[in-house]
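Residues per chain, in single letters:
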Amino acid sequence: MTATETITSNPRVLGADPLVEYDEETNTPGGIGEEDIVYLVLPYIHSAREGVLRLGSLLEKYGTYEMNGIAFSDHDEIWWLETIGGHHWIARRVPDDAYVVMPNQLGIDTFDLKDAFTTKENHLCSDDLKEFIEKNHLCLNLDDSFNARYAFGSHDDSDHVYNTPRDWFIRRYLNPHTYKWDGENADFTPFSDDIPWTMVPERKITVEDVKYALSTHFQNTPYDPYITRGDLSNKGALRPVGINRNDFLSVLQVRQGQGTY
């Protein structure tokens, strides 16, 4: 269980379901957050799915004072949960053949509400999410589909400096031939809000790949903050994954029958 990834939302969501803030005058509790979540969940669960359901029930009952994303993994499944406002949440199972890159913004895109309210095979959510969406007119799709990132996420200018560029660079590394990442006709750029939440890599991803991805700084692009030659006009314009005040990273590998490393 991770603890946690700070993510973003938008004013429409936070207006409909404000974050739960501690009120000193009335001694109103302030909900749960990063400092509490692991202690309230991890000791009491036996699977990734159980983790999602326990944390989801706590969020619905007590609320949260911040927006967070949390990953749960076991030998069989990986789930990613994102908080929605003060009391709502969604979670999606990561496909077995895919990977996810999560910068500091809400990331889940397509979300199957029918599955979440019936078989719950790959999607889970708070009990009243349908009513919450309909009551507050949060669905922004023009068809019958539902994109959670449109509804619950942020699309701010700051995302294009701090978040989407990091997603773009790691996808560019792990899927270099799947899409066009550079130039005028690129499928995705550092400023794209629609980079898919999951992608199937072009080959198996190694621990060394993860280490490299988490240390990257836009090397071999005009955005590298350490570039010293050529066009320097975009040097340091975007926030890289690896920064000079980071001196550690964590890589977790769960293997069937061999424990956790």
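Please read these numbers as outputs of a predicted model, since none were measured by experiment.

Tell me about the pattern of salt bridges, and please be specific about residues and values.
Inspection of every chain in the model, using the stated rule, returns eight salt bridges. Linking Arg-93 and Asp-96 is a salt bridge whose minimum nitrogen-to-oxygen distance equals 3.0 Å. Look at Arg-93 and you get buried, because its relative accessible area is 15%. The exposed category is assigned to Asp-96, whose relative accessible area is 63%. Asp-209 is paired through a salt bridge with Arg-203; the nearest N and O atoms lie 2.8 Å apart. Of the residues examined, Asp-209 reaches a relative accessible area of 6% and is grouped as buried. Linked through salt bridges whose partners overlap, the residues forming this network are Arg-49, Glu-77, Arg-93 and Asp-96.

Break down the sheet that holds strand E4 (residues 88–93) for me, citing the residues and quoting the values.
As summarised here, the arrangement of the five strands in space is E1-E2-E3-E4-E6, forming an open sheet in which the pairing is antiparallel. Pairing within the sheet leaves two strands with one partner each, and these edge strands are strand E1 (5–6) and strand E6 (123–125). Where strand E2 (residues 68–73) meets strand E3 (residues 78–84), five bridges bridge the pair, whose relative direction is antiparallel. Each residue of the ladder has a partner; that of Ile-70, found in E3, is Leu-81. Each of E2, E3, E4 and E6 is contacted by helix H3 (residues 48–62), which is oriented at about 10 degrees to E3, the strand it contacts most.

Please provide a residue-by-residue account of the environment of Leu-106, values included.
Structurally, the position occupied by Leu-106 is in the loop between strand E5 (99–100) and helix H4 (113–116). When its relative accessible area of 2% is taken as the criterion, Leu-106 is described as buried. On a C-alpha basis, the gap between Leu-106 and Gly-56 in space is 16 Å, while along the polypeptide they are 50 residues apart. Once residues within four sequence positions are removed from consideration, Leu-106 is found in contact with Ile-7, Thr-8, Glu-82, Thr-83, Ile-84, Ala-148, Arg-149, Phe-152 and Gly-153.

Rules behind the numbers
- Residues numbered from 1 in each chain as written.
- Predicted model: local features only at pLDDT ≥ 70, side-chain atom pairs only at ≥ 80, totals over all residues.
- Heavy atoms only, no water.
- Salt bridge = Lys/Arg side-chain N within 4 Å of Asp/Glu carboxyl O.
- Buried < 20%, exposed > 50% of the residue type's maximum accessible area, 1.4 Å probe, protein only.
- Pairing = 2+ DSSP bridges.
- Helix = DSSP H or I, 4+ residues; strand = E, 2+ residues; numbered from the N terminus.
- Contact = heavy atoms within 4.5 Å.
- Axes fitted to C-alpha atoms, helices over the stretch in contact; angles between N-to-C directions.

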